[in-house]
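Survey of secondary and tertiary structure
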Amino acid sequence: MHQGPVRSTIEMPLKSVNVPVPSPRGIPNKADWVSRDFLSEIMQKKSLEDIRNIGGLEGLAKAIKTNLETGLDAVEEESNFAERSIQYGCNVYPDPPHKSIVAYFWDACKDTTIIILFSAAVVSLACGIVED
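Here's what I pulled together on the structure shown here.

What counts as what
Residues numbered from 1 in each chain as written. Predicted model: local features only at pLDDT ≥ 70, side-chain atom pairs only at ≥ 80, totals over all residues. Heavy atoms only, no water. Core = buried A, V, L, I, M, F, W, Y, C linked by side-chain atoms within 4.5 Å. Buried < 20%, exposed > 50% of the residue type's maximum accessible area, 1.4 Å probe, protein only. Helix = DSSP H or I, 4+ residues; strand = E, 2+ residues; numbered from the N terminus. Salt bridge = Lys/Arg side-chain N within 4 Å of Asp/Glu carboxyl O. Contact = heavy atoms within 4.5 Å.

1. Describing the nonpolar core
- Residues Val34, Leu39, Ile42, Ile51, Ile54, Leu60, Ala63 and Tyr88 constitute the largest nonpolar core, which totals 8 residues.
- Only helix H1 (36-45) and helix H3 (56-63) provide two or more residues apiece to this core.

Given below as structure tokens:
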């Protein structure tokens, strides 16, 4: 298992970024958070230029209120990451749509082995009917 912070092998020049700091209680104000849409756009575009524009990995860490060395702070852990969950949502994939039993049956009928067995059954039934 990997221990310690993940380090990037890409060297990026850092630009200064104006990121608000957390409130005195240690929990960031809602106005201080980077939007979920902004983070989604960066991830979808996979553009190093966008990451450089916000200050590289350090700027991104400041923007999402985390530390590259230690991760999230204990104050957030005590609150069970409530503010972060409200801002960014749960970190889970949505459940895929459930298939009906007919869909499972149809998928099984497309299998080569099932087609061969069904064909053999039809030939065997035809031979049995012709003999009688």
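2. What about the pattern of salt bridges?
- Taken as a whole and judged by the stated rule, the model has 4 salt bridges.
- Of the charged contacts in the structure, one is a salt bridge between Asp50 and Lys45, with a shortest N-O distance of 3.0 Å.
- Within this structure, Glu41, Lys45 and Asp50 form a network of salt bridges that share partners.

3. Some words on H3
- Of the positions making up H3, those classed as buried are Gly56, Gly59, Leu60, Ala61 and Ala63.
- Considering only its buried residues, H3 is in contact with H1, helix H2 (48-53) and helix H5 (82-88).
- Of the residues flanking the end of H3, it is Lys65, one or two places downstream, whose phi is positive at about 60 degrees.

4. Overview of the environment of Gln87
- Tracing the backbone through its elements, the reader meets Gln87 in helix H5.
- Separated by 52 residues in sequence, Gln87 and Ser35 have C-alpha atoms that sit 7.7 Å apart.

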